[in-house]
Amino acid sequence: MYRLYVDEVGTDALTCLDKDRHRYLSLTGIATEINHARDVVEIAINRIKAEVFDHDPDDPLILHRKDILGLKGSFQILRKSEKQEQFNALIMDLFLSADYVVITALIDKLWLLKQTHWQRNHPYHYLMEILVEKYAQFLERQNSIGDIMPESRQAKDKLLQNEFTRVKRYGTDFVDRSRVNSVIRGSKLKFRKKKDNIAGLQLCDLLAHPSHIYVRSLMGHAVNLGPFATRVADILINRKYDRSPWGGKIVGYGIKHLPQ
């Protein structure tokens, strides 16, 4: 059985869309077998926390991209070059060696609001539909079943759940409801908070932003991946994005962006 760990980059707000940092929203899902998340991903992440940060297991450190970049709290130790090199090596090894598949759906919210012929105009309508559709198709190819665990955004959870319920009830243009429900089990998303220390969600948090920026680069946007994100994007492109089994096509499988 698989689990899709989900994190978002950006916000669902439909204001200030003239500013680049408010304009784009993506959902990234990391699909991995639950046993693998427990036996490999969680152990690897705990090793990183122990070896690099010497964390207290009863007061667990949560790997969170913004805190890492901001060198906040326990992450201040990364100011030491040897610790930063150690962390980068261990985290890249995890990105490479863990067995998972990445699906990223991204939408330009300013473009969305210009589609006056569409009745649904909340970005979650489209992103959750795309994510469920691509995940269901992935599970069919694996001849398996799965569920979905997003990181909780508290006030936003209801919106995401509503869209999940709608897709489970009506299906999508390409995957009907019977196919969706046959492979994605349960009527509720398994929301978990950051403090719950879910290894799969921490892995997703670290991969979601580089994937978001890479997808925007495919859309022709003037974005800068940076050295670390470039290395991550190379791993995703070469090994981790979901892709067509008949030729390795990524766009339409592991990546979907609107507008296309």
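Computed from a predicted structure; not experimentally measured.

Visitor: Help me understand the overall build of the chain, please; the structure alone is not making it clear to me.
Guide: Assigned secondary structure in the chain consists of ten helices and five strands. Over its C-alpha trace the chain gives a radius of gyration of 18 Å, about what one expects of a compact globule, namely 18 Å for 260 residues. For the chain, buried positions account for 50% of its 260 residues. In the chain, the proportion of contacts linking residues at least 24 apart, taken out of those at least 6 apart, comes to 75%. Surface summary for the chain: the accessible area is close to 12,800 Å², and the carbon and sulfur share equals 48%. Counting 40 positive and 32 negative side-chain charges, the chain places the averaged centre of each group 5 Å from the other.

Visitor: Please clarify how empty space enclosed by the protein should be interpreted in this entry.
Guide: Think of a ball as big as a water molecule: rolled over the atoms, this probe shows where empty space is left. Following the criterion strictly, the structure yields two cavities of 30 Å³ or more and no others. In terms of residue class, the lining of the largest cavity is built from four nonpolar, three polar and four charged. With three residues, the top contributor of residues to the lining of the second largest cavity is strand 1 (residues 2-9). In terms of residue class, the lining of the second largest cavity is made up of four nonpolar, no polar and four charged.

Visitor: I would appreciate a short explanation of helix 9 (residues 199-218) in the present structure.
Guide: Because each turn of an α-helix spans 3.6 residues, side chains separated by three or four positions end up pointing in the same direction. The terminal C-alpha atoms of helix 9 lie 29 Å apart, and with 20 residues this matches the ideal 28 Å at 1.5 Å per residue to within 8%. Where helix 9 bends most, the angle comes to about 30 degrees, and this point is Leu207, followed within four residues by the proline Pro210. When you tally the buried positions in helix 9, you get 17 out of 20 residues, the bulk of the element. Note on helix 9: the residue one or two positions beyond its end, Gly220, has a positive phi of about 85 degrees.

Visitor: Is there a simple way to explain unusual backbone geometry in this structure?
Guide: Most peptide bonds adopt trans geometry, and most residues besides glycine take a negative phi value. A cis geometry characterises the amide bond from Leu258 onward to Pro259, with omega recorded as 5 degrees. Within the secondary structure, Pro259 sits in the segment after strand 5 (255-258). If you check the backbone angles, Asn143 has positive phi at about 55 degrees while not being a glycine. Considering the arrangement of structural elements, one finds Asn143 in the loop between helix 6 (123-142) and strand 4 (146-150). Even without being glycine, Gln154 reaches a positive phi, approximately 55 degrees. Secondary-structure assignment places Gln154 in the loop between strand 4 and helix 7 (157-170).

Visitor: Looking at this model, I keep getting lost on the pairing of strand 2 (residues 24-33). Mind explaining?
Guide: As a general feature of sheets, a regular strand has side chains that alternate between the two faces. Counting buried positions along strand 2 gives nine out of ten residues, so the element sits mostly inside the fold. Where strand 1 and strand 2 come together, eight bridges link them in antiparallel fashion. Residue pairing across strands places Asp7 opposite Thr28, the latter belonging to strand 2.

Visitor: I keep staring at the pattern of salt bridges and nothing clicks. Help me out?
Guide: A side chain with one charge can pair with a side chain of the opposite charge if their charged atoms come near. Counted by the stated rule, this structure contains 14 salt bridges. For the salt bridge of Glu8 with Lys156, the shortest nitrogen-to-oxygen distance reads 3.3 Å. Taken together, the residues Glu8 in strand 1 and Lys156 in the loop between strand 4 and helix 7 connect sequence positions 148 residues apart. Overall, the relative accessible area of 8% leaves Glu8 in the buried class. A single salt-bridge network, built from bridges that share partners, covers Glu8, Asp12 and Lys156.

What counts, and where the lines are drawn
Throughout, a residue's number is its position along its own chain's written sequence, starting from 1. Selection of residues for local features in this predicted model requires a pLDDT of at least 70, selection of side-chain atom pairs for listing and counting requires 80 or more, and totals for whole chains, interfaces and linings are taken over all residues. Side-chain calculation: all heavy atoms of the structure are included, whereas hydrogens and water are not. Strands are runs of DSSP state E lasting at least two residues, helices are runs of H or I lasting at least four, and both sets are numbered from the N terminus onward. In this treatment the radius of gyration is a C-alpha quantity, and the globule benchmark scales as 2.2 Å times the residue count to the 0.38 power. Exposure categories follow from relative accessible area, calculated using a 1.4 Å probe and restricted to protein chains: below 20% of the type maximum is buried, above 50% is exposed, and the middle band is partly exposed. Contact definition: two residues touch when any of their heavy atoms are within 4.5 Å. Shrake-Rupley sampling with a 1.4 Å probe provides the accessible areas, and residues are treated as covered by the protein chains on show and by no other component. Counting rule applied: Lys, Arg positive; Asp, Glu negative; His and chain ends not counted. The atoms used to mark charge sites are NZ of Lys, CZ of Arg, CG of Asp and CD of Glu. With a 1 Å grid spanning the protein atoms alone, the term cavity applies to any set of points in which a 1.4 Å probe fits but cannot get out, the term pocket to an open set with protein on both sides within 12 Å along at least five of seven lines, and the term lining residue to any residue with an atom within 4 Å of a point. Grid points are joined across faces, edges and corners, and a volume is the space filled by probe spheres set on the points. Note on residue categories: nonpolar means Ala, Val, Leu, Ile, Met, Phe, Trp, Tyr, Cys or Pro, charged means Asp, Glu, Lys or Arg, and polar means any other residue, Gly included. In this scheme, a helix's expected span is set at 1.5 Å multiplied by one less than its residue total. What we call the bend at a residue is the angle made by axes fitted to the seven residues finishing there and the seven residues starting there. Criterion used throughout: strands pair if DSSP finds at least two bridges between them. When a carboxyl oxygen of Asp or Glu is within 4 Å of a side-chain nitrogen of Lys or Arg, the pair counts as a salt bridge.

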